[in-house]
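What the coordinates show
In case you want the letters, here they are:
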Amino acid sequence: DGGITQSPKYLFRKEGQNVTLSCEQNLNHDAMYWYRQDPGQGLRLIYYSQIVNDFQKGDIAEGYSVSREKKESFPLTVTSAQKNPTAFYLCASSVGTSGRSNEQFFGPGTRLTVL
Amino acid sequence: DQQVKQNSPSLSVQEGRISILNCDYTNSMFDYFLWYKKYPAEGPTFLISISSIKDKNEDGRFTVFLNKSAKHLSLHIVPSQPGDSAVYFCAGGGGADGLTFGKGTHLIIQP
């Protein structure tokens, strides 16, 4: 089955620790995205990548880092510099970034709680 | 600056009636609009889309209307069913950085 997987579903970390969230897709999509959802805030873009070995900052990139070494994978690291890391994190992918190719497919999300 | 606005955080509709969710945008460069549906603790799922060259797109119980002059789009669900209770996100696309999402409207279908 084609789709996007995120693991784990729930993640707990101590304050001050870096943590990496996994995102894998087998849809052969070029573009991948990371969003954060907080109550009343909708979906806010953290980072996106249009192609392998390239990525761009979104609206709230501070305290986060990404890599795109493979087309299928777009891991997100939440660093200790992120002031409010507890949130629901969503990964998405799309064929491209214009017109109908912009339709994004989302993974099931990872709930990160920093204690 | 919110480029996509969903001004109603929540909407309550009786089962069987029409649900109308509204969305306003400010970015004239958007050439494609999408609606997503999201249940708690799950990723959003694509519902319906419309190109900026059209004013209406219909798919079963779901219809999206686009009024470009007013920079407004709406999603109509008729008849509304209990399983339609979810958060609905409107999104606009047209640039190289993907989609811009609104904050969502929580639709509650009452029996």
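In short, a report on the structure. (Residues numbered from 1 in each chain as written. Chains lettered and ligands numbered in written order. Predicted model: local features only at pLDDT ≥ 70, side-chain atom pairs only at ≥ 80, totals over all residues. Heavy atoms only, no water.)

Further remarks concern the interface of chain A and chain B. The parts lose accessible area when they come together, and the size of an interface is often stated as this lost area. Listed as interface residues are 22 residues of chain A and, on the opposing side, 21 residues of chain B. Both sides of the chain A and chain B interface together cover about 1,700 Å² of buried area, and 58% of this is carbon and sulfur. Taken together, chain A and chain B are joined by zero salt bridges. Elements represented by at least two residues in the side of chain A that touches chain B include exactly β4 (31-38), β5 (42-51) and β9 (87-94) of chain A. The dominant element in the side of chain A that touches chain B, judged by the number of residues it contributes, is β5(A), at five residues. Residue classes in the side of chain A that touches chain B are distributed as nine nonpolar, ten polar and three charged. (Contact = heavy atoms within 4.5 Å. Buried area = accessible area lost by both parts, 1.4 Å probe. Salt bridge = Lys/Arg side-chain N within 4 Å of Asp/Glu carboxyl O. Helix = DSSP H or I, 4+ residues; strand = E, 2+ residues; numbered from the N terminus. Nonpolar A, V, L, I, M, F, W, Y, C, P; charged D, E, K, R; others polar.)

Enumeration according to the criterion identifies five salt bridges over all chains in this entry. Across the pair D38(A) and R44(A) runs a salt bridge whose closest N-O atoms are separated by 2.9 Å. The partner of E58(B) in a salt bridge is K56(B), and the shortest N-O contact between them spans 3.9 Å. By relative accessible area, E58(B) is classed as exposed at 52%. (Buried < 20%, exposed > 50% of the residue type's maximum accessible area, 1.4 Å probe, protein only.)

A cis geometry characterises the amide bond from S7(A) onward to P8(A), with omega recorded as -10°. Looking at the element boundaries, P8(A) is found in the loop between β1 (4-7) and β2 (10-13). Along the chain, V78(B) connects to P79(B) via a cis peptide bond; the corresponding omega equals -10°. Positive phi is not limited to glycine here, since N53(A) has a value of about 65°. Tracing the chain through its elements places N53(A) in the loop between β5 and β6 (54-57).

This part takes up the side chain of S74(B). Residues and elements named next belong to chain B. With respect to the helices, strands and loops of the structure, S74 is situated in strand β8 (residues 72-77). A polar atom in the side chain of S74 sits 3.4 Å from the side chain of H76. When residues no more than four places from it in sequence are discounted, the contact partners of S74 are I20, L21, N22, W35, T63, V64 and F65. (Polar contact = N/O pair within 3.5 Å; in protein donor to acceptor, adjacent residues only side chain to side chain.)

It is worth stressing that arrangement in space is one thing and function is another; only the former is reported here.
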